[in-house]
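# Structural description and commentary
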Amino acid sequence: MIEQNNHSTLLFCGSIPLSALQILNAIAVRITPPEDEKKDWSYQIGAAWPTDQEEVIKFTSQVDHKFNKSSKSYAQFARPYLKNSFPGNLLEHLDGKLNFLAFIDNFVQKKLIISAKKSRASNGAVLVFTHYKSEFVDDNGKSNILHERLLVLMLKNADALRFKENLQLNPVDIIDLDKFLQGARIDALRFVSDDEEEKEK
């Protein structure tokens, strides 16, 4: 299931306890329009964000919290998944057949650059991808996954000052979602479960 967020202001306030949130992968990508219209858009995949860094955990936790509170729409990926499509590659990544960097690089090359030419991101944009899960310990001391999600955010290029040169996250206290072009959160557990149910039909 995909959740799409409406524009609003995101404040760093209460959310999932940080100790319960585990970042599995996080990275940012900058897409840049060509100076010459005859040339293609270019992109830069930044350095992987440290998964145990406080700023990364805090950023992910608070955006996740904002999704929980804000109005949003729901959608599902259309089947069958096309070769090299986002859901097809996501499934391969979640199955351990495709690493996170290859998953993101494939999506940017095969889909995002093409779509960028048609979007209102005429000045370019920065995209953030975070894959994370939250866990809880039951009465028997067993750890259980509560949520596993993939968060995708697109920010206007003017917001790139929030990132270091290698596109790692700079500490921020307030993020204005009016500067987001798009935001989506994918329920990875349900996505995999729906795929397994489909195969059983």
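Data block above holds the structure.
Now for a look at the structure at hand. All residue numbers refer to positions counted from 1 along the written sequence of the respective chain. Local features are withheld for residues below a pLDDT of 70 in this predicted model, meaning they are given only at 70 or higher, and side-chain atom pairs are given and counted only at 80 or more; totals for whole chains, interfaces and linings count all residues. Each side-chain value is derived from all of the structure's non-hydrogen atoms; neither hydrogens nor water enter the calculation.

### Observations regarding the overall build of the protein
- Helical segments are the DSSP runs of H or I of at least four residues, strand segments are the runs of E of at least two, and each set is numbered from the N terminus. Secondary structure assignment for the protein yields four helices and nine strands.
- In sequence order, the protein lays out its α and β elements as β-β-β-β-α-β-α-α-β-β-β-β-α.
- Looking at the protein residue by residue over its 201 residues, the buried ones come to 42%.
- Considering only contacts in the protein between residues 6 or more positions apart, those separated by 24 or more positions represent 75%.
- As displayed, the protein offers around 11,200 Å² of accessible surface, 48% of which is attributable to carbon and sulfur atoms. We call a residue buried when its accessible area falls under 20% of the maximum for its residue type, exposed when it is over 50%, and partly exposed in between, using a 1.4 Å probe and counting protein chains only. Residue contacts are defined here by distance: any two heavy atoms, one from each residue, within 4.5 Å place the two residues in contact. Calculation of accessible area relied on Shrake-Rupley with a 1.4 Å probe; when residues are assessed, cover is drawn exclusively from the protein chains displayed.

### Some details on the packing of helix H2 (residues 86-94) against helix H3 (residues 100-116)
- In this analysis an axis means a line fitted to C-alpha atoms, helices contributing only their contacting stretch, and an angle means the value between N-to-C directions, from 0 to 180 degrees. Where H2 meets H3, the closest approach of the two axes is 10 Å, and the angle between their N-to-C directions is 175 degrees. When the interaxial angle is binned, H2 and H3 end up roughly antiparallel. Residue-level contacts link Phe86, Asn89, Leu90 and His93 of H2 to Phe100, Phe103, Asn106 and Phe107 of H3.
- Of the residues belonging to the contact of H2 with H3, the class tally is five nonpolar, three polar and no charged. Each angle receives one of four descriptions, namely roughly parallel if under 35 degrees, roughly antiparallel if over 145, roughly perpendicular if within 65 to 115, and oblique otherwise. Under this grouping Gly is polar, as are all residues other than the nonpolar Ala, Val, Leu, Ile, Met, Phe, Trp, Tyr, Cys and Pro and the charged Asp, Glu, Lys and Arg.

### Brief notes about H2
- Here H2 lies mainly inside the structure; seven of its nine residues are buried.
- Among the residues of H2, those classed as buried are Phe86, Pro87, Gly88, Asn89, Leu90, Leu91 and His93.
- A 3.5 Å cut-off defines polar contacts: any pair of N or O atoms within that distance qualifies, except that in protein one atom must be a possible hydrogen donor and the other a possible acceptor, and neighbouring residues in sequence count only when both atoms are side-chain atoms. Two or three places before glycine 88, at the start of H2, stands the capping residue serine 85, its side-chain oxygen 3.2 Å from that residue's backbone nitrogen.
- Looking one or two residues beyond H2, the residue adopting positive phi is glycine 96, at roughly 80 degrees.

### Side note on the pattern of salt bridges
- Salt bridge criterion: a side-chain nitrogen from Lys or Arg within 4 Å of a carboxyl oxygen from Asp or Glu. Enumeration over the complete set of coordinates arrives at three salt bridges.
- For aspartate 64, the salt bridge goes to arginine 149, with nearest N and O atoms at 2.8 Å. Taken together, the residues aspartate 64 in helix H1 (residues 54-69) and arginine 149 in strand E7 (residues 143-156) connect sequence positions 85 residues apart. Note on accessibility: aspartate 64 and arginine 149 belong to one class, buried.
- The closest approach of N and O atoms between lysine 133 and glutamate 135, which form a salt bridge, is 3.2 Å.
- Residue classification places lysine 133 among the buried residues on the basis of a relative accessible area of 16%.
- Judged by its relative accessible area of 28%, glutamate 135 is partly exposed.
- Each of Asp64, Arg149 and Arg185 takes part in salt bridges that share partners, so that together they form one network.

### A few points about H3
- Bend at a given residue is defined as the angle between two axes, one fitted to the seven residues that end at that position and one fitted to the seven that begin there. Valine 108 marks where H3 bends most, by close to 45 degrees.
- Buried residues of H3: Phe100, Phe103, Ile104, Asn106, Phe107, Val108, Leu112, Ile113 and Ala116, and no others.
- Structurally, H3 contributes buried residues whose contacts are with strand E3 (21-32), strand E4 (42-45), H2, strand E6 (125-137) and E7.
- The backbone nitrogen of leucine 101 has a side-chain oxygen 3.2 Å away, supplied by the residue at the start of H3, namely asparagine 99.

### A few points about the packing of aromatic side chains
- Ring geometry is summarised as follows: Phe, Tyr and Trp rings, the Trp one being its six-membered ring, pair when their centres sit within 6.5 Å, and such pairs are stacked at plane angles under 30 degrees, edge-to-face over 60 and tilted between the two. Following the criterion strictly, the structure yields nine aromatic pairs and no others.
- Seen in terms of ring centroids, phenylalanine 86 and phenylalanine 103 are 5.3 Å apart; in terms of plane orientation they differ by 45 degrees. Their pairing is tilted. Note that phenylalanine 86 is positioned in helix H2 and phenylalanine 103 in helix H3, a separation of 17 residues in sequence.
- On the basis of relative accessibility, which here comes to 0%, the residue phenylalanine 103 falls in the buried class.

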